[in-house]
Amino acid sequence: MAFYNKIGSLMRQSISQNCVSNGQVTGPSMFNAVRCMSSKLFIGGLSYQTDDHSLKEAFSGFGDVTEARVVTDRESGRSRGFGFVNYTSDDSAIEAMKAMDG
């Protein structure tokens, strides 16, 4: 688990420092290029009352959301506190990531 936390913090640092500038990916790593050009966002720190519909509403202001899914526990059906949002374009995903970060 600590490994995934470390990877997540490194990704957040590199995304905030090395994303897209003038339509070109900047930064030293291919991993950053792939991560920056993704239209699927991981959303963490969600309230346990958040559902798919409210997640989609929260992120639809930044572009056309194709899917918003809150991951739930198999046994209890309760939210696990994270989810995923898919956009139709990379630009919308980047805009949402910048605006909703933190």
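As annotated in an unreviewed UniProt entry, the protein chain carries the name RRM domain-containing protein and is attributed to Ambrosia artemisiifolia.

K.L.:
For this particular structure, what's the right way to read the side chain of N86?
P.N.:
Checked against the element boundaries, N86 lands in strand β5 (residues 79-87). If near-sequence neighbours (up to four positions away) are discounted, N86 is found in contact with S39, K40, D64, V65, T66 and E67.

K.L.:
Hey, could you run me through the pairing of strand β4 (residues 65-72) in this one?
P.N.:
Remember that side chains alternate between the two faces of the sheet whenever the strand is regular. Where β4 and β5 come together, six bridges link them in antiparallel fashion. Bridge pairing in β5 links V65 to Y87. With antiparallel pairing between neighbouring strands as the criterion, β4 and β5 make up a hairpin whose turn holds six residues, including G77 at a positive phi of roughly 80 degrees.

K.L.:
Before we go on, may I ask you to explain a negative patch on the surface in this structure?
P.N.:
Together, D51, D52, E57 and E67 line one region of the surface with negative charge. Following the sequence through the fold, D52 ends up in helix α3 (residues 52-59).

Cut-offs used in this document
The residue count restarts for each chain, going from 1 along the sequence in the order it is written. The predicted nature of this model means local features are confined to residues of pLDDT at least 70 and side-chain atom pairs, given and counted, to a pLDDT of 80 or more, with totals for whole chains, interfaces and linings taken over all residues. Calculated side-chain values reflect all of the structure's heavy atoms, with hydrogen atoms and water omitted. Secondary structure elements follow DSSP: runs of H or I of four or more residues count as helices, runs of E of two or more count as strands, with numbering from the N terminus. We call two residues in contact when some of their heavy atoms are within 4.5 Å. DSSP-based pairing: two strands are paired if at least 2 bridges between them are found. Residues qualify for a patch when their relative accessible area is over 30% and they have no salt bridge, like charges being joined within 9 Å and the nonpolar side chains of Val, Leu, Ile, Met, Phe, Trp and Tyr within 5 Å. Accessible surface is estimated by sampling points in the Shrake-Rupley manner with a 1.4 Å probe; for residues, cover comes only from the protein chains shown. Each reported salt bridge corresponds to a side-chain nitrogen of Lys or Arg within 4 Å of a carboxyl oxygen of Asp or Glu. Charged-residue counts in this description rest on Lys and Arg as positive and Asp and Glu as negative, His and the chain ends being excluded. Think of each charge as sitting on NZ of Lys, CZ of Arg, CG of Asp or CD of Glu.

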